[in-house]
2 protein chains.
Amino acid sequence: MKAIAVLGGPISNWPVDIKEKIKEAQASGTMIAASDRGSLFLLELGIIPNLAVGDFDSLKKAELSKIEEKVEDIRYAKPEKNETDSEQLFLTLFEDYQVDQVDLYGATGGRLDHFFVNVLTFLNAPLHKYKSQVRMIDQQNLILFLKPGQNQLFPISTYPYLGIGNLTSVKNLNIYNAKYPLAHFSSRIPRMFSSNEFIKQNKIKVTFDEGDVIAIYSRDKDRFSNI
Amino acid sequence: MKAIAVLGGPISNWPVDIKEKIKEAQASGTMIAASDRGSLFLLELGIIPNLAVGDFDSLKKAELSKIEEKVEDIRYAKPEKNETDSEQLFLTLFEDYQVDQVDLYGATGGRLDHFFVNVLTFLNAPLHKYKSQVRMIDQQNLILFLKPGQNQLFPISTYPYLGIGNLTSVKNLNIYNAKYPLAHFSSRIPRMFSSNEFIKQNKIKVTFDEGDVIAIYSRDKDRFSNI
């Protein structure tokens, strides 16, 4: 089963067609989940999530009542705890619901402490083992967490740029078939190689022996602004 | 000498009072620098930067002419090179102009490959040694790069939240005098401890033995939306 998860990041960063996308996905069996304020945003779009997780401490009482009335599976997190709301949301999806893939919205923009939590949570236990099942999507970016070994990246016509970077110590990172290839890069320090491009419609191959590497498909805002 | 540097990130992320802030700063002797599209944004605000650095490949010819006509010190970067435009901008500021502190705008939002380049450039040579002289500022965040040893963080009334996180392997990270203290945290994996808060008006003390730790002061957008 696939899932879409919506966190509380600013709506201005969401893809503009998110409402239709989520409605269609839900109609065809994709599970819709949200953490905290994300649940409220969904209800405002007329979408009832199947699962809501959070301490809901940022919501007003009437807002929480609305969620409690509509959403089937609600998990209450304790306000002061080890796991963050979003961690508990992802764990519920991967472990209780055994979903195969999660498309994540509302994880970027706004408060950068939240953004770093959302990205770095997939580098740490207990979520590290699920990282390659997650895609983080906003209006201008699509982030994938790659796995050591070989990764094939397909061109996506609406995202002309590709950044490849290591967020932990990396060994023997290689980028093949790209406008800017990279060979045998190893470093203890995180680094991002941005603004790479696909050559025609060829796949880009990324390989590395060890480490946490992400791929960021991106586009400028002036281009494709109606998407 | 202090400097303000403006990169090409989306204007929607800039503090709304940036025009007045930069004009006042320039009038009182702060150097104004910009990379690529940042120069154009400044000219549109009626501000002539003292220094412009970039390959300017994202600008139209007429836009570049405008920059060449107005800006005193222009450094042309080669389009395919080892250093990024922003790296060359910072190196020019710290090494040629010997500035003591840089407030950086336009480094966040929009394309996340660019955002990661802008943050991670300060973890790598040749800019690593200057990292504690940089503040990265947008509408909701103020990022500082801390130094091993003791760091005193003062409360800033318009930013109620504080995130503390390691972006490289860290040894013995401690947070004192905060709502959520942290003791003897060591990890090879980057992690962000978000949403901490100051207790009354007390300084927060952050210490660590080794690694790259950042502090993110942040605020929600609903609050202080007129700032």
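First, a word on scope: everything that follows refers to the structure included in this document. Only a predicted model underlies this, so the values are computations on that prediction, with no experimental measurement involved. Throughout this document, residue positions are counted from 1 along each chain, in the order its sequence is written. The lettering of chains begins at A and the numbering of ligands begins at 1, in the order of writing. Residues qualify for local features only when their pLDDT is at least 70, as the model is predicted, and side-chain atom pairs are given and counted only at 80 or more; totals for whole chains, interfaces and linings, by contrast, use all residues. Processing note: side-chain calculations cover all non-hydrogen atoms of the structure and skip hydrogens and water entirely.

## Looking at unusual backbone geometry
Put simply, Ala125(A) and Pro126(A) share a cis peptide bond, and its omega is 5°. Secondary structure elements are taken from DSSP: a helix is a run of H or I of four residues or more, a strand is a run of E of two residues or more, and numbering for both begins at the N terminus. Looking at the secondary structure, you find Pro126(A) in the loop between helix H5 (112-120) and strand E6 (134-137).

## Concerning the packing of helix H2 (residues 37-44) of chain A against helix H3 (residues 61-70) of chain A
All names here are of chain A. Between H2 and H3, the least distance of the axes is 10 Å, while the angle of their chain directions is 75°. Accordingly, the angle class assigned to the pair H2 and H3 is roughly perpendicular. Facing H2, whose interface residues are Arg-37, Ser-39, Leu-40 and Leu-43, H3 presents Glu-63, Lys-66, Ile-67 and Lys-70. Residues are grouped as follows: Ala, Val, Leu, Ile, Met, Phe, Trp, Tyr, Cys and Pro are nonpolar; Asp, Glu, Lys and Arg are charged; all remaining types, including Gly, are polar. By residue class, the composition of the contact of H2 with H3 is three nonpolar, one polar and four charged. In this description, a line fitted to the C-alpha atoms serves as the axis of each element, helices being fitted only across the stretch in contact, and the angle between N-to-C directions of two axes falls anywhere from 0 to 180 degrees. By the definition adopted for this analysis, an angle is roughly parallel if under 35 degrees, roughly antiparallel if over 145, roughly perpendicular if from 65 to 115, and oblique otherwise. In this analysis, two residues are considered to be in contact whenever any of their non-hydrogen atoms come within 4.5 Å of each other.

## A short note on the sheet that holds strand E6 (residues 134-137) of chain B
Note: two strands are recorded as paired if DSSP finds a minimum of 2 bridges between them. Across the sheet, 10 strands lie side by side as E4-E3-E2-E1-E5-E6-E7-E14-E9-E12 (chain B); this open sheet has mixed pairing. The outermost strands of the open sheet, each flanked by one partner alone, are strand E4 (73-76) and strand E12 (191-197) of chain B. Direction aside, the axes of adjacent strands within the sheet are offset by 20° on average. Pairing of strand E1 (residues 2-6) of chain B with strand E2 (residues 31-35) of chain B, which is carried by four bridges, proceeds in the parallel orientation. What sits directly across from Ile4(B), in E2(B), is Ile32(B). Strand contacts of H5(A): strand E7 (141-145), strand E9 (161-166), E12 and strand E14 (213-218) of chain B, with the helix running at about 145° to E12(B), the strand carrying the most contacts.

## A look at the pairing of strand E3 (residues 51-54) of chain B
All names here are of chain B. Each residue gets one of three labels from its accessible area relative to the maximum for its type: buried under 20%, exposed over 50%, partly exposed in between, using a 1.4 Å probe on protein chains only. What you see with E3 is no split at all: Leu-51 and Val-53 on one side and Ala-52 and Gly-54 on the other are buried throughout. Sheet analysis places E2 next to E3, joined by three bridges and oriented parallel. Among the inter-strand pairings, Ser-35 is bridged to a residue of E3, identified as Val-53. With four bridges connecting them, E3 and E4 associate as parallel partners.

## Description of the relation of the copies chain B and chain A
Under the fitted operation, chain B is carried onto chain A by 0.0 Å of movement along the axis and a turn of 180°, and the coordinates agree to an RMSD of 0.0 Å. These values place the two chain copies in the arrangement generated by a two-fold rotation axis. Interface residue correspondence from chain B to chain A reaches 100%, placing this contact among same-surface, isologous pairings. Superposing the copies works by least squares over the C-alpha atoms of residues that have pLDDT at least 70 in both of them.

## As for empty space enclosed by the protein
Here a cavity means grid points, on a 1 Å grid over the protein atoms only, where a 1.4 Å probe fits yet cannot get out; a pocket means an open set of points with protein on both sides within 12 Å along at least five of seven lines; lining residues are those with an atom within 4 Å of a point. Grid points are joined across faces, edges and corners, and a volume is the space filled by probe spheres set on the points. Inspection of every chain in the model, using the stated rule, returns one cavity of 30 Å³ or more. Of the pockets and cavities examined, the largest cavity occupies roughly 50 Å³. Lining the largest cavity, in full, are Phe116(A), Leu120(A), Leu167(A), Pro190(A), Phe116(B), Leu120(B), Leu167(B) and Pro190(B). At the level of elements, H5 of chain A together with helix H5 (112-120) of chain B are the ones that each hand at least two residues to the lining of the largest cavity.

## Focus: the sheet that holds strand E1 (residues 2-6) of chain A
Residues and elements named next belong to chain A. Strand order in the open sheet formed by 10 strands is E4-E3-E2-E1-E5-E6-E7-E14-E9-E12, and the pairing between neighbours is mixed. With partners counted over all chains shown, the strands left at the sheet margins are strand E4 (73-76) and strand E12 (191-197), one partner each. Across the sheet, the axes of successive neighbouring strands diverge by a mean angle of 20°, strand direction being ignored. Its contacts with the sheet place helix H1 (residues 18-27) against E1, strand E2 (31-35) and strand E5 (101-105), and it is angled at close to 145° to E1.

## Section: the side chain of Asp113(A)
Counting through the fold element by element, Asp113(A) comes out in helix H5. A 3.5 Å cut-off defines polar contacts: any pair of N or O atoms within that distance qualifies, except that in protein one atom must be a possible hydrogen donor and the other a possible acceptor, and neighbouring residues in sequence count only when both atoms are side-chain atoms. For Asp113(A), the side chain forms a polar contact with the side chain of Arg111(A), separated by 2.8 Å. Here the side chain of Asp113(A) touches Ser218(B) through a polar contact of 3.3 Å, side chain to side chain.

## A word on helix H4 (residues 85-96) of chain A
Residues and elements named next belong to chain A. Helix span, as expected, comes to 1.5 Å for every residue beyond the first. Here H4 contains 12 residues, and its C-alpha end-to-end distance of 16 Å stays within 8% of the 16 Å for a straight helix at 1.5 Å per residue. Among the 12 residues that make up H4, 10 are buried, leaving the element largely enclosed by the rest of the structure. Turning to H4, its buried residues number three or more, namely Asp-85, Ser-86, Glu-87, Gln-88, Leu-89, Phe-90, Leu-91, Thr-92, Leu-93 and Phe-94. Positive backbone phi, at 50°, marks Gln-98, one or two positions downstream of H4.

## Details of the pattern of salt bridges
Residue and element names in this part refer to chain A. Only one rule defines a salt bridge in this text: a Lys or Arg side-chain nitrogen within 4 Å of an Asp or Glu carboxyl oxygen. Evaluation of the coordinates by the stated rule reveals 18 salt bridges over all chains. The salt bridge partner of Asp-103 is Arg-135, with a shortest N-O separation of 2.8 Å. With Asp-103 in strand E5 and Arg-135 in strand E6, this pair connects stretches of sequence that are 32 residues apart. For Asp-103, a relative accessible area of 13% puts it in the buried group. Given the relative accessible area of 29%, Arg-135 is considered partly exposed. Between Glu-210 and Lys-171 there is a salt bridge, with the nearest N and O atoms lying 3.6 Å from each other. You can see Glu-210 sitting in the loop between strand E13 (204-208) and strand E14 (213-218) and its partner Lys-171 sitting in strand E10 (residues 170-176), a full 39 residues away along the chain.

## Re the interface of chain B and chain A
Between chain B and chain A, the contact holds 33 residues from the first and 33 residues from the second. Defined in terms of a 1.4 Å probe, buried area is the accessible area two parts forfeit on being brought together, summed over both. For the pairing of chain B and chain A, the buried interface totals around 3,000 Å² over both sides, and the portion due to carbon and sulfur atoms is 64%. Sorting the residues of chain B by area buried against chain A places Arg111(B), Leu112(B) and Phe116(B) first, and these three jointly supply 22% of that buried surface. At the surface where chain B touches chain A, the tally comes to two salt bridges.

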